[in-house]
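# Report on the structure
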Amino acid sequence: MRAELLQEQRLRLSLTKELTQAIELLQYSTLELRSFLYEQSLDNPFLEINDHKPGQSYKSLSHQEKRNVIENISVRSETLTSYLLSQLHSMSLSPKTRHILRYLINSLDDAGYLRTDMKDVAAHLAVSEDEAEEAVQLLQSLEPAGVGARSLQECLYLQLQRLPERNLLAEQIVSQHFSLFVEKAWKALSKQLHVDITDLQQVWDLIRTLEPRPGSHYTKIEPHFIVPDFVIERSEEGLHLLFNDEILPELIWNREYEKKLACRQDEQVELFIKEKYRQFLWLTKSLEQRKQTLVSVMTEILERQKQCFEKGLTALKPLTMREIADALNIHESTVSRAVKNKYVQTPFGTVELRYFFTSSLSSVSADEEASATKTKALIKQLIEAENKREPLSDQKIADMLHEQHGIAISRRTVAKYREQLYIPSSAKRKQY
């Protein structure tokens, strides 16, 4: 072997810092983009952020549409932990008990359940298991009802005990016969308890009004907002697409500050101003390019899913990102970044853009394919309209989809979609 010095020519693509940031801008959500722009204003002394931009298209929205947008804001910003800790202030507790309670509160999961074993709690805090259990009882006496439960059964039982009008049969069933009741083995249960099935149905209806996740109305993170990037307006002329310009601030170059520094006639200062102005131009250009890409993608989605926006989600058609990319002559990854964390306000609610891309199913109708999302929506509609005393079986639903909508799927597929919709089987949906 010998060492040789060779010369060869290669062609490769290098991503500049500006190009990398342009790609990031496209996939940023509205709130992420706002944060990025404010960070840029801190780095660039000539860049000013103006949050009040006159004459935006969003101002033309009706009162109802603006109200729909506002409804996307989380209404409860208090965390479950802070709410529970605030209740301790009014309680007369020993320092040890208060310390145990604080530990238990911080151990709750997002649903408000206590998943920590009492032996581990006692060992970690150097207390007895009885003291830890007493603290759990205190925790379970706080609001919301059901918090601190170790299981769904205990959670429901705690809420039943707090009802203004106690239902002793419901408490007995949940505490002693929960498995039979949940599995809807009601005939056997009615014989054991010597009650009618109609009484069990009333207990079932009562339990359905309880909250299985008492901590779900709170958050463990800072509250976030869903702000639609687009708004679909419906009028006599048809559907109109509006880009929500109002959600992003206006970028302004501070010429007064530029003139003040330029008066120094310093070469380094001039280079600094030129560099910052170049960054400002790139940023404004990237934002405009981002807007054009988003509008192009959303316009194509609206064109291909027109029936969905007019009739609702049951009219959703199969659509892939590659189809949109081919139509716009852009890369599929660009479409993926464009729809990531972007939302559109539609006549039927705020929907993430990714929702409009669905896989297709085989259909006996050659004119129109059925999408998986559309099929799920149809299954949900059929179950909501069914006779609760004689609920539809999965096979019956499959037959109805075939007969009424020309969608050919198997019973197992119906069962899979039903489970994905968190809808129980026909046996568990039956009412008496």
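Residues numbered from 1 in each chain as written. Predicted model: local features only at pLDDT ≥ 70, side-chain atom pairs only at ≥ 80, totals over all residues. Heavy atoms only, no water.

## Some points on the overall build of the chain
On a plain count of helices and strands, the chain comes out with 21 helices and 8 strands. When contacts within the chain are restricted to residue pairs at least 6 apart in sequence, long-range pairs at least 24 apart make up 63% of them. For the chain, the exposed area adds up to about 25,800 Å²; of that, 49% sits on carbon and sulfur atoms. (Helix = DSSP H or I, 4+ residues; strand = E, 2+ residues; numbered from the N terminus. Contact = heavy atoms within 4.5 Å. Areas by Shrake-Rupley, 256 points an atom, 1.4 Å probe, with all protein chains shown as cover.)

## Focus on the packing of helix 11 (residues 186-193) against helix 12 (residues 197-207)
Packing of helix 11 against helix 12 leaves a shortest axis separation of 9 Å and a crossing angle of 110 degrees. Taken together, the axes of helix 11 and helix 12 are roughly perpendicular relative to one another. Two secondary-structure elements touch here, helix 11 through W186, K187, L189 and S190 and helix 12 through I197, L200, Q201 and W204. (Axes fitted to C-alpha atoms, helices over the stretch in contact; angles between N-to-C directions. Parallel < 35°, antiparallel > 145°, perpendicular 65-115°, else oblique.)

## Notes on unusual backbone geometry
Looking along the chain, the bond that leaves E143 and enters P144 is cis, with omega of 0 degrees. Tracing the sequence through the fold places P144 in the loop between helix 7 (129-140) and helix 8 (152-161). In this model, N341 sits at a positive phi of 55 degrees, which is unusual for a non-glycine residue. Within the element layout of this structure, N341 appears in the loop between helix 17 (332-339) and strand 5 (343-346).

## Some remarks on the pattern of salt bridges
Inspection of every chain in the model, using the stated rule, returns 16 salt bridges. Note that E143 is salt-bridged to R162, the shortest N-O span being 2.9 Å. Of this pair, E143 sits in the loop between helix 7 and helix 8 while R162 sits in the loop between helix 8 and helix 9 (168-176), and the two are 19 residues apart along the sequence. Residue R162 is classed as partly exposed on the basis of its relative accessible area, which comes to 32%. In this structure, the salt-bridge partner of E258 is R255, at a minimum N-O distance of 3.6 Å. Pair noted here: E258 and R255 are both in helix 13 (residues 255-262), with a separation of 3 residues, about one helical turn. Taking relative accessible area as the criterion, E258 reaches 22% and is therefore assigned partly exposed. The class of R255 is partly exposed, set by a relative accessible area of 47%. What you see here is one network of salt bridges that share partners, running through E133, R150 and E154. (Salt bridge = Lys/Arg side-chain N within 4 Å of Asp/Glu carboxyl O. Buried < 20%, exposed > 50% of the residue type's maximum accessible area, 1.4 Å probe, protein only.)

## Some remarks on the nonpolar core
Proteins that are soluble and globular tend to have nonpolar side chains buried together. Core analysis: the largest hydrophobic core is formed by 25 residues, its most contacted members being M298, I301, V344, F356 and F357. Only strand 2 (230-235), strand 3 (238-243), helix 14 (267-304), helix 15 (306-311), helix 16 (321-328) and helix 17 provide two or more residues apiece to this core. With 5 residues, helix 14 is the single largest residue contributor to this core. Counting 24 residues, the second-largest nonpolar core is a separate cluster that includes M91, L93, L101 and V127. (Core = buried A, V, L, I, M, F, W, Y, C linked by side-chain atoms within 4.5 Å.)

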